[in-house]
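Tertiary structure, described
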Amino acid sequence: MSKLVVANWKMNKTQKEAKNFCKEFLKKIPNKTNNFVICPPATLIESVALGLKNRGAVGAQNVFYAQSGAFTGEISPLQVLDAGAIFCLVGHSERRNYLGETDEICAKKVKFATENGLKVIFCVGEQLEERGSVLTVLKRQLKALAGVDLKNVIIAYEPVWAIGTGKVATAKDITHAHSIIKQIVMKEFNANISCLYGGSVKASNAQEILGLNEVDGILVGGASLDAQEFAELVKIGSNL
Ligand code: PGA
């Protein structure tokens, strides 16, 4: 069984760098390997979709809850799909913390994106000061899934204190949080859900994390920017 490996490039790479990445990356993975998604900045969705030559999939890092109109700076599900992506991230902690995305905004985005043909990777996770109340935080954030068709949703559990810091949650922390997430979604919405782990994942710790039963894949920031390292991660995910 293979597990999903998702790249979140955040605000990194130019057209040329993205094209080179795709070329290098495809050379380093076996022909049939398809267990990956790359989420580049919106300006690079089309280049990455072409560069991957129908392998894996492409995702946007953000999407708005309307198809068109006077929403300066936003992109719609229609535009994301048109550019060649089929996934989108919603609720990444950097958007919640730096751009003021609330639980209400996230809920509107998840609903609208899934109703308009995108698969959503919905990011949740506690801040450092909330470590003592993980259950409460996750329960609150997961309310955004009410009324959503969960066939088109994957959760990404990313403890905020582990993102870009080099601090990885322990296997026990990860197993605990993923079990809570799966239980809440079953209890509240009567659905099974896949759950990715994110936060300082790299080739050297991916085997242990991806090997956990409750972990269905990983969401990778920093280590996804390098074609060699991302290929290693995808290979680890494809051999489980
Ligand atoms: P990181 O980022 O792998 O650089 O910690 C993960 C994320 O923010 O999705």
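See above for the structure.
Parameters and conventions
Residues numbered from 1 in each chain as written. Predicted model: local features only at pLDDT ≥ 70, side-chain atom pairs only at ≥ 80, totals over all residues. Heavy atoms only, no water. Buried < 20%, exposed > 50% of the residue type's maximum accessible area, 1.4 Å probe, protein only. Helix = DSSP H or I, 4+ residues; strand = E, 2+ residues; numbered from the N terminus. Pairing = 2+ DSSP bridges. Right-handed = clockwise from strand over helix to strand, strands pointing away. Near = heavy atom within 4 Å. Polar contact = N/O pair within 3.5 Å; in protein donor to acceptor, adjacent residues only side chain to side chain. Areas by Shrake-Rupley, 256 points an atom, 1.4 Å probe, with all protein chains shown as cover. Nonpolar A, V, L, I, M, F, W, Y, C, P; charged D, E, K, R; others polar. Salt bridge = Lys/Arg side-chain N within 4 Å of Asp/Glu carboxyl O.

1. Considerations on the pairing of strand β7 (residues 194-198)
- Most of β7 sits inside the fold, with four of its five residues counted as buried.
- Summarising the sheet, strand β6 (residues 153-157) and β7 pair through four bridges and their orientation is parallel. Within β7, the position partnered with Ile155 by the bridge is Cys195.
- Chirality of the crossover, the property in question, places the unit of β6, helix α7 (residues 171-189) and β7 among those that are right-handed.
- Where β7 meets strand β8 (residues 217-220), three bridges bridge the pair, whose relative direction is parallel. Its bridge partner lying in β8, Gly198 is registered against Leu219.

2. Looking at the site of the ligand
- Taken together, 13 residues lie near the ligand, and Lys10, His92, Glu158, Gly164 and Ser200 sit nearest.
- A distance of 2.7 Å is found between an oxygen atom of the ligand and a side-chain nitrogen or oxygen belonging to Glu158.
- Take Gly221: an N or O atom from its main chain is 2.8 Å from an oxygen atom of the ligand.
- Here the ligand loses 95% of its free accessible area of 280 Å² to cover by the protein chains.
- Classifying every residue of the shell around the ligand gives four nonpolar, seven polar and two charged.

3. A short note on the pattern of salt bridges
- Under the definition given, this model contains 12 salt bridges.
- One salt bridge in this structure joins Arg140 and Asp103, with 2.7 Å as the shortest N-O distance. Of this pair, Arg140 sits in helix α6 (residues 134-142) while Asp103 sits in helix α5 (residues 103-115); the two residues are 37 residues apart in sequence, bridging distant segments of the chain.
- Of the residues examined, Arg140 reaches a relative accessible area of 38% and is grouped as partly exposed.
- Here the salt bridges do not stand alone but share partners, grouping Glu24, Lys27 and Lys28 into one network.

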